[in-house]
Amino acid sequence: MTDRPDPPVRVLVTKIGLDGHDRGSRIVAAYLRDAGMEVIYTAPWQEIEAVVTLATQEDVDVIGLSTLATDHLIVPDLMVALSANGLDHVRVVVGGIIPEGEKKDLYTAGVKGIFGPGSSRDEIVASVQELAAEARQSKLAELRL
Amino acid sequence: MASDTKQLSLPGFEQDLAAWQSRYAKEIGEDKPVFNRSGIAVKPLYTPADWSGEAYDTDLGFPGQAPYTRGIYATMHRGRTWSQRQLIGLGTPADYNDRVLKLLDAGASAISLLPCNSGFRGVDGDEAPLALLGTCGTVVNTTDHMDRALKDVPLADISTAMNDPCPFTLLAFVLGVAKRRGVPWEQITGTSNQSDYISHFVANHMFYRLSLPGSRRVLVDHVAFCRQHVPNWNPISVVGQHMQQAGATPAETMGLTLSTAIQYAEDCAARGLDMDDVLRRFTFFFDISISVFEEIAKFRAGRRIWARIARDRLGAKDPRSWRFKFHGQTSGVDLTAQQPLNNIARVTTQAITGILSGLQSMHTDSYDEAISCPTEEAARIAVATQNILREEAHLCDVIDPLGGSYYVETMTDQMAAEIEAVIEKIDRAGGMYAAVECGLVQTLIGHSAREFQERIETGKEQVVGVNCYQDENAVFAEPEPYRPDRDAMAAHIADLKTYKAARGQDTVQRQLDRLARTANSTDENIFAAVVDTAEAGLTHGEIIACLRRELGFGQPLVVA
């Protein structure tokens, strides 16, 4: 078992809420894919329930949400839904436009990273790698309980 | 370059040019190649060796003369300046009305209504999360809502653009309001300026509205209806802006937009509509990026190519049908969340570019648009920016002031060649509709977006506050983002629910059945049915839900 390499990180890149602009999420998806991760990419405008289902079925380590037009305001609802469905180990990061004063609410709700404009590719890739490792540890811990 | 060897009858020209070239090479040291955003190499100097004006009559002509390179009207901005059309969308209809009246008072001369993202998503306000309502766009779901949004706005005197994709419920509401106020539809002017379903599919993934074939049919129905009943309304606006914002280069954008226009014109012709009648009402909507000369060349080339397409390919006979009328919006993608006040300088630069390009209508972005929907102060500065450029800067004194510049004319020709190559590529794929169905357009845009981002990552493209001059970030306070009054929005939604419940449910069902039957027929006009349905009191979400059931849901065509 120790000899087997870790399977690639699995990331769901998606958008919830009402906005359809996906230039940023497509680029980030390509960055993560090029870094060797398995990226599950959805079209924008996903319902929260659909994201929970996908995250469960695809056994993802990390969910990356792109939000440009206030869709971050319902991210706390997604966090509650993930938790209610036994997905506490899944790490959630958000990218796009989050006004300074509204970041706190996201962190309080359990979001692990926020990537605003100007975030570099390396920074995003490194952070997702790290969070995925954490997610796997935490999933193992959950299973042992 | 071949043109360098062109023989010119200018005494001493060749020797002087050679002398400058050797001096330039000596003094510049390492001359790094420069490319514009469309990938065209830019030389340090342009001379009569690049552009001699020999083809003046065929390629340029005079303003108001085909091929309209120098402008579509004889007088251009010297006769009438552009419409100051600010895109506005926020909160409840009452919030919208308050902002519109203030900005009209401040100098705006036309209206543009942006519906809430819930509307774009195809649902009513009571079907979407309250937290998101009105944060980006106004919640307008019924004729009553539109009446409130346009209170004290004289419909017969002010041009009203509706950001209204298929099936055009917002225009249906406007027509209902006009009827209530006794304004004949002949007097209504404006544009369905999000009518371009193809741009939505490839750039904003508007598949939640209707399927591609469904949208295709409804658009032609909409054009046919408007030509008959709302003759001064522009039913089509071909939107290059979406594609450029999504990542297409300026040249690609113009090529894809003209290919889209060809597709729509051919679809109208296939329905038996008269080409001259339809093309006279075609309008275009573009992004104005901060790449100044490239944008000016893009627009000048676009005017020339469209005139030739309309005449030679689409067979329009009246020179007025060959006019490339366009609205320009300063590019939001160029704005930065970092050091937001700097966006005022960016918007000003983009606006000057648009004016020098000879646009007919313009929106200037607010400096806080990279953070949120514009606050009132920021929106006022955006309006004032246009006022200053129009009144103080002497930009409107001379028509096409950059015409005849060796650089601008050469770049116009080079952009034209790139644009024509894109149109050819789309033609080979079977036209724009087929190219979108198979994902070709999405792939093209995705690749260009990725390349541009890599240019920023590697510092080839410098963006102040993003990859250079970041030190100043700390001293710029972030503006307070616009958020609508939550209680007022909750009350607006409660009213909507009461309204829906209070209607005779038999009548509602009858109307929906009728709309469904029309959608299933092959010869009835769906938009005419949408207008009737809206007038009967049905809502945006109800109309779209019905048409989605009958015409199908779009499928995502994401190509990463």
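Criteria and thresholds
Residues numbered from 1 in each chain as written. Chains lettered and ligands numbered in written order. Predicted model: local features only at pLDDT ≥ 70, side-chain atom pairs only at ≥ 80, totals over all residues. Helix = DSSP H or I, 4+ residues; strand = E, 2+ residues; numbered from the N terminus. Rg over C-alpha atoms; globule rule 2.2 N^0.38 Å. Contact = placed C-beta atoms within 7 Å. Core = buried A, V, L, I, M, F, W, Y, C linked by C-beta atoms within 7 Å. Buried ≥ 20, exposed ≤ 12 C-beta atoms within 10 Å, placed from the backbone. Pairing = 2+ DSSP bridges. Axes fitted to C-alpha atoms, helices over the stretch in contact; angles between N-to-C directions. Nonpolar A, V, L, I, M, F, W, Y, C, P; charged D, E, K, R; others polar. Right-handed = clockwise from strand over helix to strand, strands pointing away. Parallel < 35°, antiparallel > 145°, perpendicular 65-115°, else oblique. Left-handed = near helix turned anticlockwise from the far one by under 90°.

Draft legend 1. Broad picture of the overall build of chain B. Scanning chain B from terminus to terminus reveals 22 helices and 11 strands. The globule rule puts the C-alpha radius of gyration for 560 residues at 24 Å, and the 24 Å found for chain B is close to it. For chain B, the spread of C-alpha atoms along the three principal axes comes to 85 × 60 × 45 Å. Long-range contacts, defined as pairs at least 24 residues apart, comprise 78% of the intrachain contacts of chain B with a sequence gap of at least 6.

Draft legend 2. Local environment of the nonpolar core. Counting residues in hydrophobic clusters, the biggest one holds 187 residues, and the most contacted among them are Val11(A), Val62(A), Val174(B) and Ile419(B). Beyond its immediate sequence surroundings of up to four residues, Val11(A) is in contact with Leu32(A), Met37(A), Val39(A), Val60(A), Asp61(A), Val62(A), Gly64(A) and Val128(A).

Draft legend 3. Spotlight on the sheet that holds strand S1 (residues 10–14) of chain A. All names here are of chain A. Here 5 strands make up an open sheet; going across it, the order is S2-S1-S3-S4-S5 and the pairing parallel. Lying at the two open borders of the sheet, with one neighbouring strand each, are strand S2 (38–41) and strand S5 (113–115). Direction aside, the axes of adjacent strands within the sheet are offset by 20 degrees on average. Of the strand pairs in this sheet, strand S3 (residues 62–67) and strand S4 (residues 91–96) are connected by 6 bridges, and their pairing is parallel. Its bridge partner lying in S4, Ser-66 is registered against Gly-95. Where helix H5 (residues 121–144) meets the sheet, it contacts S1, S3, S4 and S5, and its direction lies at approximately 160 degrees from that of S4.

Draft legend 4. Looking closely at the interface of chain B and chain A. Between chain B and chain A, the contact holds 33 residues from the first and 28 residues from the second. Of all the secondary structure elements, the ones that give two or more residues to the side of chain B that touches chain A are helix H5 (117–120) and helix H18 (440–457) of chain B. In terms of residue count, H18(B) provides more of the side of chain B that touches chain A than any other element does, 5 residues in total. A per-class count over the side of chain B that touches chain A returns 18 nonpolar, 11 polar and 4 charged.

Draft legend 5. Expanded view of the pairing of S3(A). All names here are of chain A. For S3, the buried fraction is high: 6 of the 6 residues fall into the buried class. Along S3, one buried face is formed by Val-62, Gly-64 and Ser-66 and the opposite face, lined by Ile-63, Leu-65 and Thr-67, is buried too. In terms of strand pairing, S1 meets S3 through 4 bridges, oriented parallel. Within S3, the residue paired with Leu-12 across the bridge is Ile-63. Since S3 and S4 lie parallel, the crossover through helix H3 (residues 75–84) that links them has a hand, and here it is right-handed.

Draft legend 6. Molecular detail of the packing of helix H4 (residues 93–106) of chain B against helix H15 (residues 376–391) of chain B. Residue and element names in this part refer to chain B. Here H4 crosses H15 at 30 degrees, and the two axes come no closer than 10 Å. Between H4 and H15, the interaxial angle falls into the category roughly parallel. You can see that H4 and H15 cross each other, and the crossing is right-handed. Here Arg-99, Leu-103 and Ala-106 of H4 come into contact with H15, specifically with Glu-376, Ala-379, Arg-380 and Val-383. For the contact of H4 with H15, a count of residues per class yields 4 nonpolar, no polar and 3 charged.

Draft legend 7. Main features of the environment of Gly358(B). Residues and elements named next belong to chain B. Its location among the elements puts Gly-358 in the loop between helix H14 (343–356) and strand S11 (361–363). Separated by 58 residues in sequence, Gly-358 and Arg-300 place their C-alpha atoms 8.4 Å apart. Setting aside its immediate chain neighbours within four residues, Gly-358 contacts Gly-71, Met-76, Phe-299 and Asp-400.

Draft legend 8. Region of the structure containing the environment of Glu377(B). You can see Glu377(B) is positioned in helix H15. Separated by 56 residues in sequence, Glu377(B) and Tyr433(B) have C-alpha atoms that sit 42 Å apart.

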